[in-house]
Amino acid sequence: MYGKAFAPEYQGALGSLSVNSSLADVLARATEQLRAAERNGTPREAARCSLAVAEAHRRLGDTREADRAWKASYRTARGTGDHAAMAWAAWSGGTLARQRGAMPLARRLLALAAELGERGGDVLARGYALAGLAETGRIQGDYEAVDALHEQLLAEARERGEARHMVWALEGIAQMRRNTGAYDSALAMFEEAAAIAEEADDRRGRAWALRGVADLVSVRDGDTERALALLSEAAGLCTAMDLTSALAYNHKMRGNVLYRARRYAEARRWYERARSEFRAIGEPRGEALARLGLVKTHARLGREPARTSADLDELRRALEAIGLRHAGRLTEGAREELGLARGPEARCAESGEQGGAGEDGEDGEGGTEKADGADEAVAA
């Protein structure tokens, strides 16, 4: 059994906000409450409001403002000795770092968030931080390292009846199954996630789950029209909630579905749109994956092989810079699909790669910054 989905990142005076609240509304209300807390001299409340401001900006794609807000939340919480609030701020910062492609920083901040959550006795903060670490590893293609953690978090979420985390864990495990070729298992898990999200009124989770179902319906069954219909339903949910990043990934998946159906001109338009959307919100991983789709589509539309090969070399470097350990498999898989010679870096690199990836290594929600923890990051 499980209850309705809720948003633990909305705290204090913002605790009545729904997981489905429009992000524009969340930002307006959180900003108003933050100003009130600052006027009233209530730093604990200010830390909570800054967290909500950070999360609204992050999900809207305004990464600069999100960075300012989570750091303000952390500083304020640290000033009051509130370890739980510090944990939530570090979680927000780590999630933002992953979104921006700064994987080492994401790992450091999320590990710190888990430690602070445990120290502060906040089970949910610790759980969200561990989930963030698991998702970071999954996105990087390190499935062996994080598979068991996903399963553990799914079991804990089922035991506590936390629908939102059940949906997240199911989607993560399903994505790994999909990327390693276990299509039937992956589809069943995405469908379970979609059903739980609908019952729990978690529209964000349902949008991501529907996108996963659409992917499997397309790649396994070749049912293009059903896949497109599912993506349209998911896109409507994203638009209603201002889920900028999720909508960009939805549009990129639409490009994938059309590419598989050999509708290359249509696929190109959606890949171009997704690339522009990712670029606008500063999400390098999504932008690189959209570019990969574009390279393949342009090749199918007649681009000369030498130019395609050079594009794939550049993309491999971009993906490796983000920290995707399966970058070589993504680009070499594209070469094989398009009948191109192997890249110059493939022979020496492939032997050391781990994990798995689908045709473009895509996952749910995505540098080189370094930090020993939140204090150093906040000072940046």
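For the structure, see preceding data.
Heads up: these notes are all about the structure in this document. Quantities reported herein were computed from a predicted structural model and do not represent experimental measurements. (Residues numbered from 1 in each chain as written. Predicted model: local features only at pLDDT ≥ 70, side-chain atom pairs only at ≥ 80, totals over all residues. Heavy atoms only, no water.)

## Some points on the packing of aromatic side chains
Consideration 1: Per the stated rule, a full pass over the model turns up seven aromatic pairs.
Consideration 2: When the ring of Trp70 is compared with that of Tyr74, the centres are 6.5 Å apart and the planes differ by 75°; the resulting orientation is edge-to-face. In this pair, Trp70 and Tyr74 are both assigned in helix α3 (residues 63-80), four residues apart and thus about one turn of the helix distant.
Consideration 3: Among the aromatic residues, ring-to-ring pairing joins Trp88, Trp91 and Tyr128 into one connected group.
Consideration 4: The ring of Trp270 is capped by Arg254, whose NZ or CZ atom sits 5.2 Å from the centre of that ring. (Phe/Tyr/Trp six-rings, centres within 6.5 Å; stacked < 30°, edge-to-face > 60°. Helix = DSSP H or I, 4+ residues; strand = E, 2+ residues; numbered from the N terminus. Lys NZ or Arg CZ within 6 Å of the ring centre and 35° of its normal.)

## Quick look at the side chain of Glu9
Consideration 1: Mapped onto the fold, Glu9 is located in the segment before α1 (23-40).
Consideration 2: Since its relative accessible area comes to 0%, Glu9 is described here as buried.
Consideration 3: A polar contact of 3.0 Å, which involves the side chain of Glu9, links it to the side chain of Arg59.
Consideration 4: Within the local environment of Glu9, its side chain forms a polar contact with the side chain of Arg164, the two groups lying 2.9 Å apart.
Consideration 5: Contacts of Glu9, omitting those with residues within four sequence positions, involve Leu51, Ala52, Glu55, Arg59, Trp91, Tyr128 and Arg164. (Buried < 20%, exposed > 50% of the residue type's maximum accessible area, 1.4 Å probe, protein only. Polar contact = N/O pair within 3.5 Å; in protein donor to acceptor, adjacent residues only side chain to side chain. Contact = heavy atoms within 4.5 Å.)

## Focus: the environment of Ala200
Consideration 1: For Ala200, the position within the fold is in helix α9 (residues 183-200).
Consideration 2: Discounting chain neighbours no more than four positions away, the residues touching Ala200 are Tyr2, Gly3, Lys4, Ala5 and Ala163.

## Observations concerning the pattern of salt bridges
Consideration 1: Scanning the entire structure with this criterion turns up 35 salt bridges.
Consideration 2: Arg177 is paired through a salt bridge with Asp147; the nearest N and O atoms lie 3.0 Å apart. Taken together, the positions of Arg177 in helix α8 (residues 163-179) and Asp147 in helix α7 (residues 143-160) put the pair 30 residues apart, joining distant regions of the chain.
Consideration 3: Taking the relative accessible area as the measure of exposure, Asp147 reaches 23% and is therefore partly exposed.
Consideration 4: The shortest N-O distance in the salt bridge between Glu192 and Arg158 comes to 3.1 Å. Of the two residues, Glu192 is situated in helix α9 and Arg158 in helix α7; the sequence distance between them amounts to 34 residues.
Consideration 5: Judged by relative accessible area, Arg158 falls into the partly exposed class, the value being 36%.
Consideration 6: Salt bridges linked by common partners bring Glu9, Glu55, Arg58, Arg59 and Arg164 together as one network. (Salt bridge = Lys/Arg side-chain N within 4 Å of Asp/Glu carboxyl O.)

## Description of α3
Since one α-helical turn is 3.6 residues long, residues separated by three or four positions face the same way.
Consideration 1: For α3, which comprises 18 residues, the first-to-last C-alpha distance of 26 Å matches the rise-based estimate of 26 Å (1.5 Å per residue) to within 8%.
Consideration 2: Residues Thr63, Ala66, Asp67, Ala69, Trp70, Lys71, Ser73, Tyr74 and Ala77 constitute the buried set of α3.
Consideration 3: After α3 finishes, the residue Gly81 shows a positive phi value of roughly 70°. (Expected span 1.5 Å × (residues − 1).)

## So, the packing of helix α15 (residues 305-322) against helix α16 (residues 327-338)
Consideration 1: For the pair α15 and α16, interaxial distance at closest approach is 8 Å and the crossing angle is 165°. By the angle between their directions, the pair α15 and α16 is classed as roughly antiparallel. The two elements α15 and α16 cross, and the hand of that crossing is right-handed. Counted together, Thr308, Ser309, Leu312, Asp313, Leu315, Arg316, Leu319 and Glu320 of α15 and Ala327, Gly328, Leu330, Thr331, Glu332, Ala334, Arg335 and Leu338 of α16 form the full contact between these two elements.
Consideration 2: Broken down by class, the residue content of the contact of α15 with α16 amounts to seven nonpolar, four polar and five charged. (Axes fitted to C-alpha atoms, helices over the stretch in contact; angles between N-to-C directions. Parallel < 35°, antiparallel > 145°, perpendicular 65-115°, else oblique. Left-handed = near helix turned anticlockwise from the far one by under 90°. Nonpolar A, V, L, I, M, F, W, Y, C, P; charged D, E, K, R; others polar.)

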